[in-house]
Amino acid sequence: MNSHLTQTAEATGSVAQNIARLNLLAPDSTCSTDLASNPWDTPAGYGPGASQGDSVPAGYPVQGSIPEEYLKASDAELDARIIAAKETLGDKAVILGHFYQRDEVVKYADFVGDSFQLANAALTRDKAEAIVFCGVHFMAETADILSREDQSVILPNLAAGCSMADMADGPSVQQCWEELTALYADEADDGRMPVIPVTYMNCSAELKAFVGRNGGLVCTSSNAATVLEWAFARGRRVLFFPDQHLGRNTAKAMGIPLEQMPMWTPRKELGGNEAATLLDAKVILWHGFCSVHKRFNPAQIAKARQDFPGVRVIVHPECPMEVVDAADEAGSTDYIQKAIAAATEPTDFAIGTEINMVNRLAAQYPQHNIFCLDPVICPCSTMYRIHPGYLAWVLEELVAGRVVNQISVPKEQQADAKIALERMLAAKP
């Protein structure tokens, strides 16, 4: 796997080079060539790229300084140190790399996949005492919930978060829940719950525990439809958070009209809705989104079809509804991977998801023409905060017998969150 990914990086060139080249075409874009810099050189905030306009939420984990030797080390030196530390640790540590992670980090991963695939993959390494998750904060939390008590989950850079996950916080969701349950209190009891909470995997452990405690469950982009069916069998309506687009696209495909999918805007009374609208609702959508996937638009698809007649357009369901409607297919990262792998004839593929994954697929399947729909190709800037310097640091600390940047979900959240995840596992598409 590692040698192949190294070849992938060489074949595609760096993401930073692509950004620098294409920013010449869109100088006013919110993307920035600063993403090529090391994370310790970026300005305050979530950092450059698709999310550079996002502010860091209050109370969010901040990464402290690390020894200067890791900041000044060359790429070659960091490579040698990471490889040496991996060899020394052997089966005691497992490294997980998300699909959206930069190639310079993914090449060291023992497993590559989406967040839930990786959390489950870690469970197959019985001898692993440490799980090093090269992803973002909510992913490491999920791994901690599912891992054994004697295993430590490590996030190399604590500032690697997810702007979408942060758009739904515990107090805001609790306030929404209290308003909804009060509104629905007088409905006739037909044996079903008035509303069932469903959260996307991209959320905090606190919110996973919330849905587990209140009769709901977690969903992924792969099983969202199955999860909604599960919820409708038990409740009259669904509160879906934090990603409005996944919720809307999934419910629309199930035949639910848009007028029965009102948006809940936090900090507004009844989420900015009339009571009658919420009483008639089937799916209440939280006002959240992915900063990368909301960049895609129908004009990009039209341009792809014009440039490559017969192009096959596949987008992630976190994209806006207009984009999903204009595409040929919509599916999870795993769906996109499998769709390309299954194509037997040379094909033009226009993909609507994060650029690191698209570049990796383009190198892995050279018989196809695979490109990103977004001409500015913003990577996931928060994912990009995992730098080889941080990976070298946490691994060498493990070699020295020290665990740094451990992600620990409070015990009072773990039990309820695990219930929500187990319900999700049972909801097989």
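Residues numbered from 1 in each chain as written. Predicted model: local features only at pLDDT ≥ 70, side-chain atom pairs only at ≥ 80, totals over all residues. Heavy atoms only, no water.

S.K.: Describe the overall build of the protein chain, and please don't skip the residues or the numbers.
M.R.: Assigned secondary structure in the protein chain consists of 18 helices and 13 strands. Residue burial in the protein chain is summarised as follows: out of 429 residues, 58% are buried. By sequence separation, contacts in the protein chain at least 24 residues apart represent 68% of the contacts at least 6 residues apart. Element-wise, carbon and sulfur atoms account for 51% of the exposed surface of the protein chain, whose accessible area totals about 17500 Å². (Helix = DSSP H or I, 4+ residues; strand = E, 2+ residues; numbered from the N terminus. Buried < 20%, exposed > 50% of the residue type's maximum accessible area, 1.4 Å probe, protein only. Contact = heavy atoms within 4.5 Å. Areas by Shrake-Rupley, 256 points an atom, 1.4 Å probe, with all protein chains shown as cover.)

S.K.: Summarise the nonpolar core; cite the residues concerned and give the values.
M.R.: Of all hydrophobic cores here, the largest spans 130 residues; its most connected members are Val132, Val198, Phe240, Phe241, Leu391 and Leu395. The leading source of residues in this core is helix 17 (residues 388-399), at seven residues. With near-sequence residues (within four places) excluded, Leu391 lies in contact with Ile82, Ile95, Val105, Tyr108, Val132, Cys134 and Pro156. (Core = buried A, V, L, I, M, F, W, Y, C linked by side-chain atoms within 4.5 Å.)

S.K.: Just give me the short version of the sheet that holds strand 5 (residues 196-200), but keep the residues and values in it.
M.R.: The strand order across the open sheet built from five strands is 6-5-7-9-8, with neighbouring strands paired in parallel fashion. At either margin of the open sheet sits one strand with a lone partner, and together these are strand 6 (217-219) and strand 8 (263-264). Note that strand 8 and strand 9 (residues 283-286) share two bridges and pair parallel. Across the sheet, Met263 pairs through a bridge with Leu285, a residue of strand 9. (Pairing = 2+ DSSP bridges.)

S.K.: Would you mind going over the pattern of salt bridges in detail, with residue names and values included?
M.R.: In total, this model carries 21 salt bridges according to the counting rule given. Residue Asp79 is joined to Lys107 by a salt bridge in which the shortest nitrogen-to-oxygen separation is 3.6 Å. In this pair, Asp79 is assigned in helix 4 (residues 75-89) and Lys107 in the loop between helix 5 (103-106) and strand 2 (111-113), connecting sequence segments 28 residues apart. For Asp79, a relative accessible area of 23% corresponds to the partly exposed category. Across the salt bridge formed by Asp190 and Arg192, the nearest N and O atoms sit 3.4 Å from each other. Given a relative accessible area of 32%, Arg192 falls into the partly exposed group. A single salt-bridge network, built from bridges that share partners, covers Glu187, Asp190, Arg192, Arg236 and Arg237. (Salt bridge = Lys/Arg side-chain N within 4 Å of Asp/Glu carboxyl O.)

S.K.: I'd like to hear about the confidence of the model for the protein chain, residue by residue, with values.
M.R.: Of the residues in the protein chain, 85% reach a pLDDT of 70 or more, and the chain-wide mean stands at 86. Contacts for the low-pLDDT stretch residues 42-54, under 50 throughout, to residues beyond four places or in other chains number 43 contacts. (pLDDT = per-residue confidence, 0-100.)

S.K.: Could you give an account of the sheet that holds strand 3 (residues 130-134), with specific residues and numbers?
M.R.: With parallel pairing, four strands are arranged side by side in an open sheet as 2-1-3-4. Of all strands in the sheet, those with a lone pairing partner are strand 2 and strand 4 (152-154), marking the two edges. Ignoring which end each strand starts from, the neighbouring axes of this sheet average 20° apart. Relative to strand 3, strand 1 (residues 93-98) runs parallel, the two being bridged by five bridges. Paired with Leu96 across the bridge in strand 3 is Phe133. (Axes fitted to C-alpha atoms, helices over the stretch in contact; angles between N-to-C directions.)

S.K.: Before we move on, can you summarise unusual backbone geometry with the specific residues and values?
M.R.: Geometrically, the link from Phe241 to Pro242 is a cis peptide bond, its omega value of -5° lying close to zero. With respect to the element layout, Pro242 can be found in the loop between strand 7 (238-241) and helix 11 (244-253). A positive phi is found at Arg267, a non-glycine position, where the angle reads about 70°. Mapping Arg267 onto the fold places it in the loop between strand 8 and helix 12 (275-280). If you check the backbone angles, Leu270 has positive phi at about 50° while not being a glycine.

S.K.: Can you explain the environment of Pro309? Please cite residues and give values.
M.R.: With respect to the secondary-structure elements, Pro309 resides in the loop between helix 13 (298-307) and strand 10 (312-315). The class for Pro309 is exposed, based on a relative accessible area of 67%. Along the sequence, Pro309 and Asp348 sit 39 residues apart, while their C-alpha atoms lie 8.7 Å from each other.

S.K.: Tell me about the layout of surface pockets, and name the residues and values.
M.R.: In this structure, the largest pocket encloses a volume near 580 Å³. Along the walls of the largest pocket sit 38 residues, with Asp114, Ser115, Tyr200, Asn202 and Ser221 positioned nearest its centre. Here the lining of the largest pocket gets three residues from one element, more than from any other, and that element is helix 6 (residues 115-122). The class makeup of the residues in the lining of the largest pocket is 17 nonpolar, 16 polar and five charged. (1 Å grid on protein atoms, 1.4 Å probe; cavity = no way out; pocket = protein on both sides within 12 Å on 5 of 7 lines; lining within 4 Å. Points joined across faces, edges and corners; volume = space filled by probe spheres on them. Nonpolar A, V, L, I, M, F, W, Y, C, P; charged D, E, K, R; others polar.)

S.K.: Can you break down the packing of aromatic side chains residue by residue, with the values?
M.R.: Across all of its chains, the model carries four aromatic pairs by this definition. Seen from their ring centres, Trp177 and Phe210 are 5.6 Å apart, and the 90° between their planes marks the pair as edge-to-face. Of this pair, Trp177 sits in helix 8 (residues 170-183) while Phe210 sits in helix 9 (residues 205-213), and the two are 33 residues apart along the sequence. Put simply, the rings of Trp177, Phe210, Phe241 and Trp286 touch in pairs and so form one group of aromatic residues. (Phe/Tyr/Trp six-rings, centres within 6.5 Å; stacked < 30°, edge-to-face > 60°.)

S.K.: Describe the side chain of Glu318, listing the residues and the values that go with them.
M.R.: Mapping Glu318 onto the fold places it in the loop between strand 10 and helix 14 (321-326). Despite its burial, Glu318 remains without a salt bridge, the nearest opposite charge being carried by Lys208 at 12 Å. Engagement of the side chain of Glu318 in a polar contact is seen with the side chain of His293, the distance being 2.9 Å. If we ignore the near neighbours within four places in the chain, the residues touching Glu318 are Met164, Tyr200, Asn202, Asp243, His245, Leu246, Cys290 and His293. (Lys, Arg positive; Asp, Glu negative; His and termini not counted. Polar contact = N/O pair within 3.5 Å; in protein donor to acceptor, adjacent residues only side chain to side chain.)

S.K.: Account for helix 7 (residues 137-146), with residues named and values stated.
M.R.: The α-helix advances 3.6 residues per turn, and as a result positions three or four apart in sequence lie on the same side. Within helix 7, ten of the ten residues are buried, which leaves the element mostly enclosed by the surrounding structure. On its buried face, helix 7 sits against strand 1, helix 6, strand 3, strand 4, helix 9 and helix 18 (411-426).

S.K.: Can you lay out the environment of Ala140 for me, pointing to particular residues and giving the numbers?
M.R.: By the element assignment, Ala140 lies in helix 7. Each C-alpha atom of the pair Ala140 and Ser115 lies 8.6 Å from the other, and the pair is 25 residues apart in sequence.

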